[in-house]
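# Structural characterization, general
The residues making up each chain are set out below.
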Amino acid sequence: MAQSRSQAPCDQVSMEIFPRTGHFKGFKGLDVQSNGLYLSCGVSFSLSDDLDVVAGVSAMSFVNSFDVQSYSAGASVEVQYRPGIIENTGFYAGVDIGMIYGYKGYFPPSRMFGALTPAGDLKGGVLYDIPNTRATVFAGVRFVPPVGVTGIVAPGIGMTYSF
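One structure accompanies this document, and this report is about it. This one's a predicted model, so the numbers in the text were calculated from it and none came from an experiment. (Residues numbered from 1 in each chain as written. Predicted model: local features only at pLDDT ≥ 70, side-chain atom pairs only at ≥ 80, totals over all residues. Heavy atoms only, no water.)

## Things to note about the pairing of strand β2 (residues 32-48)
- Pairing of strand β1 (residues 12-23) with β2 involves nine bridges; the strand directions are antiparallel. Of the residues in β2, the one forming a bridge with V13 is C41.
- Bridge count for β2 against strand β3 (residues 51-63) is eleven bridges, and the pairing is antiparallel. Each bridged residue has a counterpart across the sheet, and for F45 the counterpart in β3 is V53.
- Between β2 and β3, which follow one another and run antiparallel, lie two residues. (Pairing = 2+ DSSP bridges. Helix = DSSP H or I, 4+ residues; strand = E, 2+ residues; numbered from the N terminus.)

Now the structure itself:
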């Protein structure tokens, strides 16, 4: 008997926290208390035994550099590589793009679409598949390139559950 695919919009969900961020220009350490929370719903595509691509939607809540609660929503793409050298361990790299609410009055009007501003970040790190479960824990860093503003780095930790 053939099994049917779940009716859920994604086959894995992830949650990541990044409590502090830092700016590249005049780096003073992780000087911003960001209290960041990232959630994503993705679909995994296997390219080979050790290479997957995960695409989906994401949302984020964080306190920005101006001490204003901000929210974002957008799309996420991530490549996951598990070479098998160290059992259950791998690497990930990806990009998130979307719109952020919370910068109105802080950015020039030319960078705003009403109350929203477009944004993106690069991400990468290590992952560990917890044996005999469908859970993966990961640790990495988010990086916002300095395009028109100072760049930002935000280390984070998280967990993914695959259905």
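## Some details on the environment of P19
- Locating P19 in the fold gives a position in strand β1.
- Spatially, the C-alpha atoms of P19 and S44 are 27 Å apart, while their sequence positions differ by 25 residues.
- When near neighbours in sequence (up to four residues on either side) are disregarded, P19 contacts V32, Q33, S34, N35, G36 and P155. (Contact = heavy atoms within 4.5 Å.)

## A closer look at the pattern of salt bridges
- Here the structure, examined in full by the defined rule, presents seven salt bridges.
- The residue E78 makes a salt bridge to K123 at a minimum N-O spacing of 3.4 Å. In this pair, E78 sits in strand β4 (residues 69-81) while K123 sits in strand β6 (residues 116-129), placing the two residues 45 residues apart along the sequence. The same class applies to E78 and to K123, which are both buried.
- Salt bridges here are not isolated pairs; linked through shared partners, they connect E16, E78, D96, D121, K123 and R142. (Salt bridge = Lys/Arg side-chain N within 4 Å of Asp/Glu carboxyl O. Buried < 20%, exposed > 50% of the residue type's maximum accessible area, 1.4 Å probe, protein only.)

## Let's talk about the sheet that holds β3
- Taken together, the eight strands give a closed barrel; going around it, the order is β1-β2-β3-β4-β5-β6-β7-β8, and neighbouring strands pair in antiparallel fashion. Averaged over all pairs of adjacent strands, the angle between strand axes in this sheet comes to 25°, irrespective of strand direction.
- Pairing of β3 with β4, which is carried by 13 bridges, proceeds in the antiparallel orientation. Looking at the pairing, V63 lines up with Q69 of β4. (Axes fitted to C-alpha atoms, helices over the stretch in contact; angles between N-to-C directions.)

## A few points about a nonpolar patch on the surface
- Taken together, the side chains of M15, I17, L37, L39 and I157 make up a nonpolar region of the molecular surface, amounting to roughly 420 Å² of accessible area.
- For the nonpolar patch, the secondary structure elements donating two or more residues are β1 and β2.
- Turning to its location among the elements, I17 is positioned in strand β1.
- Looking at I17, the relative accessible area reads 38%, which means it is partly exposed. (Patch = residues over 30% accessible without salt bridge, like charges linked within 9 Å, V, L, I, M, F, W, Y side chains within 5 Å. Areas by Shrake-Rupley, 256 points an atom, 1.4 Å probe, with all protein chains shown as cover.)

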